[in-house]
Amino acid sequence: MRLTGKKELIKVIKDRIEKNGSISFRDFMDMALYYPELGYYTSSKSKIGGYGDFFTASELDRAYGELLAKQFVEIFEKKLTDKPFQIVELGAGKGYLAYDILNYLKENHKNIFDNTEYIIIEKSPYHIDIQKDLLKDFKNVIWVQDIIDFEDNSINGVIFSNELFDSFPVHLIRKIDGKIYEVFITLDKDDTVREILKEANEDILDYLKELNINLPEGMQTEINLDAKDYIQKIGKKLNKGYVITVDYGFPSAELYKPYRMRGTLLCYHKHKYSENFYENVGLQDITSHVNFSALKYYGELAGLKYLGFTDQAHFLINLGLIDILNELQQRDDYESYERINRLKTLVLPKGMGEKFKVLVQYKNILNPNIKGLELLPYQSERYRL
Ligand SMILES: C[S@@+](CC[C@H](N)C(=O)[O-])C[C@H]1O[C@@H](n2cnc3c(N)ncnc32)[C@H](O)[C@@H]1O
């Protein structure tokens, strides 16, 4: 397959390959998504929503942010009353979730709103501009460049993300004759991509060992070492509070089942998905499912205790989604029925309801149970981390 996409970015990638002979798939993906000004996320191109390449829950309806806000209210009132209450959103995209959460707090819990410091950590300058414009009327929102900019043990509140970890660059690995190799890429004539295999490095082998992963022979899959590092940074920076991670993914035991022999890596371009990673470079999203067992395991090493793992449907229903649906039903107007249809997408198993999972971790909280985890799905292997 030829390397196609944004010309300036392809030149940067070609130069890097020429200099080193080859680059790891992880480094290719990192450049494709995050190379300054040229990467998919770092350039000014519409990504999320109807004119973009994919939808996220925050785009669908304000109820998603409002229900998350309800969870934050319970946490503030019953679990930690430190002031200011810090809500740290990681990878805020267009800022819709922040907008819905802050509006809900302002209208319904003014005392909490007045004591809330909303902190956004966002890697994309394009998204930061959109967020700043949308949130300009909220004086309690601040932007911090990176989670490492916080002092250790300094955050009191909730650190949460919606579809952050799935957008990290991943190592692509293959198991052949019992041995683990990492995929690198080089270029032949006419910019044709050739994948080459090199023996996997220690970090990858340690990850597989630490998580007890034994891949089926012949499998190609992804290893998200950036997620491992990131959850540990979160653990270090949190002093007291919760980490709530919403994303698509599975526990290890499910992620590496033989029916996923090509892993979960996919590209999204104009609402169509493909496995053409080397096409539309810089113009399409590349994403993989999150290994939630890894977030649990490495989070624990950094002081985050595991509270629970559920799916989005159960989480949102626990927080009152049915009440919102009932209220809309009673209104009996066109707009309310439109909203009901959108909200169904959030909970239906074939929509986002089962595909999206919620992991909750905490630190330094007595009696940590929260409403979002009250009723759990049947704890089959798909839910055991
Ligand atoms: C798939 S989008 C999700 C956006 C948003 N949370 C939503 O639900 O619509 C991923 C977002 O995470 C940001 N991102 C990726 N890596 C990041 C990092 N290391 N730190 C902060 N933001 C990051 C991307 O720029 C993008 O805005």
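Reading the values: rules and limits
Residues numbered from 1 in each chain as written. Predicted model: local features only at pLDDT ≥ 70, side-chain atom pairs only at ≥ 80, totals over all residues. Heavy atoms only, no water. Near = heavy atom within 4 Å. Polar contact = N/O pair within 3.5 Å; in protein donor to acceptor, adjacent residues only side chain to side chain. Areas by Shrake-Rupley, 256 points an atom, 1.4 Å probe, with all protein chains shown as cover. Nonpolar A, V, L, I, M, F, W, Y, C, P; charged D, E, K, R; others polar. Phe/Tyr/Trp six-rings, centres within 6.5 Å; stacked < 30°, edge-to-face > 60°. Helix = DSSP H or I, 4+ residues; strand = E, 2+ residues; numbered from the N terminus. Buried < 20%, exposed > 50% of the residue type's maximum accessible area, 1.4 Å probe, protein only. Lys NZ or Arg CZ within 6 Å of the ring centre and 35° of its normal. Pairing = 2+ DSSP bridges. Axes fitted to C-alpha atoms, helices over the stretch in contact; angles between N-to-C directions. Salt bridge = Lys/Arg side-chain N within 4 Å of Asp/Glu carboxyl O. Lys, Arg positive; Asp, Glu negative; His and termini not counted. Contact = heavy atoms within 4.5 Å.

## A short note on the site of the ligand
Part 1 of the argument: Around the ligand there are 20 residues in total, and Thr-56, Gly-91, Glu-122, His-127 and Asn-162 lie nearest to it.
Part 2 of the argument: Gly-93 places a polar main-chain atom, nitrogen or oxygen, 3.5 Å from an oxygen atom of the ligand.
Part 3 of the argument: Taking Glu-122, its side chain carries an N or O atom lying 2.5 Å from an oxygen atom of the ligand.
Part 4 of the argument: Coverage of the ligand by the protein chains reaches 96% of its 590 Å² of free accessible surface.
Part 5 of the argument: Along the lines of polarity and charge, the residues of the shell around the ligand split into 9 nonpolar, 8 polar and 3 charged.

## A word on the packing of aromatic side chains
Part 1 of the argument: The final tally for this structure, using the stated rule, is 21 aromatic pairs.
Part 2 of the argument: For the ring pair Phe-309 and Tyr-383, a centre distance of 6.1 Å and an interplane angle of 50° mean the geometry is tilted. With Phe-309 in strand 15 (residues 305–311) and Tyr-383 in the segment after strand 16 (356–363), this residue pair connects regions lying 74 residues apart in the sequence.
Part 3 of the argument: A relative accessible area of 1% places Phe-309 in the buried class.
Part 4 of the argument: Stacked on the ring of Phe-184, the Lys or Arg Lys-198 has its end atom at 4.3 Å from the ring centre.
Part 5 of the argument: The aromatic ring of Tyr-306 is capped on one face by Lys-296, whose charged end is 4.8 Å from the ring centroid.

## Let's talk about the sheet that holds strand 13 (residues 285–287)
Part 1 of the argument: Across the sheet, which stays open at both edges, the 3 strands sit in the order 12-11-13 with antiparallel pairing between neighbours. Edge positions in the sheet fall to strand 12 (272–274) and strand 13, since each has one partner strand and no second. Each strand axis lies, on average, 30° off the axis of its neighbour in the sheet, ignoring direction.
Part 2 of the argument: Judged from the 3 bridges that link them, strand 11 (residues 266–269) and strand 12 form a sheet pairing that is antiparallel. Paired with Tyr-268 across the strands is Tyr-273, a residue of strand 12.

## Considering the pairing of strand 7 (residues 179–187)
Part 1 of the argument: As paired elements, strand 1 (residues 23–24) and strand 7 share 2 bridges and run antiparallel to each other. The residue bridging Ile-23 from the neighbouring strand is Ile-185, located in strand 7.
Part 2 of the argument: As defined by bridge partners, strand 6 (residues 171–176) adjoins strand 7 across 4 bridges and the pair is classed as antiparallel. Among the inter-strand pairings, Lys-175 is bridged to a residue of strand 7, identified as Ile-180.
Part 3 of the argument: Between strand 6 and strand 7, which pair antiparallel and follow one another directly, the connecting turn spans 2 residues, one of which, Asp-177, has a positive phi of 50°.
Part 4 of the argument: Summarising the sheet, strand 7 and strand 8 (residues 193–199) pair through 7 bridges and their orientation is antiparallel. Within strand 8, the position partnered with Ile-185 by the bridge is Glu-195.
Part 5 of the argument: In textbook terms, the turn of a hairpin is the stretch between consecutive antiparallel strands, and for strand 7 and strand 8 this stretch comprises 5 residues, one of which, Asp-190, has a positive phi near 60°.

## Focus on the pattern of salt bridges
Part 1 of the argument: If you walk through the whole model with that rule in mind, you get 22 salt bridges.
Part 2 of the argument: Two residues, Arg-260 and Glu-254, come together in a salt bridge whose shortest N-O distance is 2.4 Å. Residue Arg-260 shares its accessibility class with Glu-254, and that shared class is buried.
Part 3 of the argument: One salt-bridge network, in which partners are shared between bridges, spans Glu-254, Lys-257, Arg-260, Glu-381 and Arg-382.

## Focus on the side chain of Lys-175
Part 1 of the argument: Position of Lys-175 relative to the elements: it lies in strand 6.
Part 2 of the argument: Despite its burial, Lys-175 remains without a salt bridge, the nearest opposite charge being carried by Glu-217 at 5.3 Å.
Part 3 of the argument: A distance of 2.9 Å separates the side chain of Lys-175 from the side chain of Asn-214, its partner in a polar contact.
Part 4 of the argument: In contact with Lys-175, other than residues within four places in its own chain, are Ile-180, Asn-214, Leu-215, Pro-216, Glu-217, Gly-218 and Met-219.

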